Amino acid sequence: FLVFLLFSFQEMEKLVVCVQKRPDALCRLICFPWAGGGTSQLAQWGKLFSDSIEVFCIRFPGRETRLMEPFAKDMTSIAHEVTNVLLKELKEKPFAFFGHSFGSYVSFAVALHLKEKYGLEPVHLFISGGHAPHSEGFLAVKSLPVSDTKDEEILAHLQILGGTSSKLLHNEDIRKQMVLTFKEDFRVLQTFLFEKAEMDIPFSCDITCFNGSDDKAHDVKAWQELTRGDTSSYELPGGHFYLLKPSNQSFLTKHITRCIENAGL
């Protein structure tokens, strides 16, 4: 039993970053980072929320303390890992998901797996900078020829998008690792297949979509077809990484708190 406990603890430490532990929180907000990204930004949200919300940030394989592990092969393996490691926590108290860009698709895939296999679902799904996974917009993203694109072009694209400190990009090893991680995450994204059946609405929770006003438009309307709950959307000033601006973080944390509190936990 002790060996099992130790194994569970190690798996949890590997997968989840929680900078502000709140054992008495009413709800957990589980955050999923963007392609090529780590946990450093979203994990810090743990300090911004009140005592009623504990923040977990998911660390994907192939980066940070998981650098020596192989990257995930596909979306299914990520969904299974998150579900298997967190199942006990997800059963013990209500949870909400927040995902940005690539993370929004991962959060959806995990939520879908939880619902189909365990009948569990988030009290709220917060989607940032992402298309609905059955929309034309998502299919267009999936068809981008990233694997054939030169590293320099990907790096230039990432610099335009922002989200990475320019100091880090001066280091050649970090640049290489970042491009590799982005490509591998994108490969995972391309394995994600979600076919929406006519009558099958997967969720009953509310869904809120956030987007940067200068970012490309995302197919927000299509999210309405995926839940019996309410859907709403907000545009905040900034580009694809609008969520890193302190003023926007303040809006997001307040709004997310209000949504979770209104979920009647």
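Per-chain numbering applies: the sequence of each chain, read as written, is numbered from 1 onward. Under the rules for a predicted model, residues below a pLDDT of 70 receive no local features and side-chain atom pairs below 80 are neither given nor counted, while totals for whole chains, interfaces and linings still include all residues. To obtain the side-chain values, all non-hydrogen atoms of the structure were included, while hydrogens and water were left out.

### Observations concerning the pattern of salt bridges
Defined as follows: Every case where a carboxyl oxygen of Asp or Glu lies within 4 Å of a side-chain nitrogen of Lys or Arg is listed as a salt bridge. In this text, helices come from DSSP runs of H or I with a minimum length of four residues, and strands from runs of E with a minimum of two, each type numbered from the N-terminal end. Each residue is assigned to one of three classes by its accessible area relative to the maximum for its type, calculated with a 1.4 Å probe on protein chains only: buried under 20%, partly exposed between the two thresholds, exposed over 50%.
Scanning the entire structure with this criterion turns up 14 salt bridges. In this structure, the salt-bridge partner of Glu69 is Lys14, at a minimum N-O distance of 3.9 Å. With Glu69 in the loop between β3 (53-58) and α3 (75-92) and Lys14 in helix α1 (residues 2-15), this residue pair connects regions lying 55 residues apart in the sequence. What makes Lys14 partly exposed here is its relative accessible area of 25%. Note that Lys183 is salt-bridged to Asp151, the shortest N-O span being 3.1 Å.

### A word on the environment of Lys221
Secondary-structure assignment places Lys221 in the loop between β6 (206-212) and β7 (231-236). In this structure the C-alpha to C-alpha distance between Lys221 and His131, which are 90 residues apart in sequence, comes to 9.2 Å.

### Quick notes on the side chain of Ser52
Threshold: Here a polar contact means two N or O atoms within 3.5 Å. Within protein one must be a hydrogen donor candidate and the other an acceptor candidate, and residues neighboring in sequence count only if both atoms are side-chain atoms. Pairs of residues are marked as contacts when any of their non-hydrogen atoms sit within 4.5 Å.
With respect to the secondary-structure elements, Ser52 resides in the loop between α2 (40-43) and β3. Polar contacts involving the side chain of Ser52 include one to the side chain of Ser50, which spans 2.9 Å. Here Ser52 is in contact with Ala25, Leu26, Cys27 and Glu261, once residues within four sequence places are set aside.

### Comments concerning the packing of α3 against helix α4 (residues 102-118)
Basically, it comes down to this: Lines are fitted to the C-alpha atoms to define the axes, a helix being fitted only along its stretch in contact, and any angle between axes, read from their N-to-C directions, falls within 0 to 180 degrees. Here a crossing is taken to be left-handed if its near helix is turned anticlockwise relative to the far helix by less than a right angle, and right-handed if that turn runs clockwise. Side-chain classes are defined by residue name, with Ala, Val, Leu, Ile, Met, Phe, Trp, Tyr, Cys and Pro counting as nonpolar, Asp, Glu, Lys and Arg as charged, and the others, Gly among them, as polar.
Closest axis-to-axis distance for the α3/α4 pair is 9 Å, and the angle between their directions is 60°. At the point where α3 passes α4, the crossing takes the right-handed sense. For the pair formed by α3 and α4, the contact residues are Met75, Ile78, Ala79, His80, Val82, Thr83, Asn84, Leu87 and Leu90 on the first element and Phe102, Tyr105, Val106, Ala109, Val110, His113, Leu114 and Tyr118 on the second. Grouping the constituent residues of the contact of α3 with α4 by class yields 13 nonpolar, four polar and no charged.

### Section: the environment of Arg187
With respect to the helices and strands, Arg187 occurs in helix α8 (residues 172-190). Excluding its chain neighbours within four sequence positions, the residues that come into contact with Arg187 are Ala72 and Lys73.

### Description of the pairing of β6
Let me state the cut-off plainly: When DSSP finds two or more bridges between a pair of strands, those strands are recorded as paired.
Within β6, six of the seven residues are buried, which leaves the element mostly enclosed by the surrounding structure. As judged from the six bridges shared by β6 and β7, these two strands associate in the parallel manner. Each residue of the ladder has a partner; that of Ile207, found in β7, is Thr231.

### Quick word on helix α9 (residues 246-262)
Stated formally: Expected helix span is computed as 1.5 Å times (number of residues minus one).
Between its first and last C-alpha, α9 extends 24 Å over 17 residues, near the 24 Å set by a 1.5 Å rise per residue. Within the span of α9, buried status applies to Asn248, Gln249, Leu252, Thr253, His255, Ile256, Thr257, Cys259 and Ile260. At its buried positions, α9 is contacted by β2 (27-32), β3, β4 (95-100), β5 (124-128), β6 and β7. Once α9 ends, the next one or two residues include Gly264, with phi positive near 65°.

### Some points on the nonpolar core
Stated formally: Each nonpolar core is a collection of buried residues, namely Ala, Val, Leu, Ile, Met, Phe, Trp, Tyr and Cys, held together in the definition by side-chain atoms within 4.5 Å.
Counting 56 residues, the largest nonpolar core has Ile30, Phe32, Ile58, Leu86, Phe97, Phe102 and Phe108 as the members making the most contacts within it. When residues in this core are grouped by element, the largest group, nine residues, is from α4. Setting aside its immediate chain neighbours within four residues, Phe32 contacts Leu42, Ile58, Phe60, Val82, Phe97, Phe98, Gly99, His100, Gly103, Val106, Ser107 and Val110. In this structure, Cys27, Leu29, Phe241 and Leu243 belong to the second largest nonpolar core, which totals 24 residues.

### Overview of the sheet that holds β4
Taken in spatial order, the seven strands line up as β1-β3-β2-β4-β5-β6-β7 in an open sheet, and their pairing is mixed. Sheet topology places β1 (16-17) and β7 at the edges, where each strand pairs with a single neighbour. Strand direction decides the pairing type here: β2 and β3, joined by five bridges, are parallel. If you follow Cys31 over to β3, its bridge partner there is Cys57. Docked against the sheet, α4 engages β2, β4 and β5, running at close to 145° with respect to β4.

### So, the packing of helix α6 (residues 151-161) against α8
The condition is simple: What sets the label is the angle itself: under 35 degrees gives roughly parallel, over 145 gives roughly antiparallel, 65 to 115 gives roughly perpendicular, and the rest give oblique.
Viewed as axis vectors pointing N to C, α6 and α8 meet at an angle of 90°, and their least axial separation amounts to 10 Å. Between α6 and α8, the angle falls in the class roughly perpendicular. On α8, the residues that touch Asp151, Ile154, Leu155 and Leu158 of α6 are Arg175, Met178, Val179, Phe182 and Lys183.

Everything listed is a geometric property; what it means functionally is a separate question.
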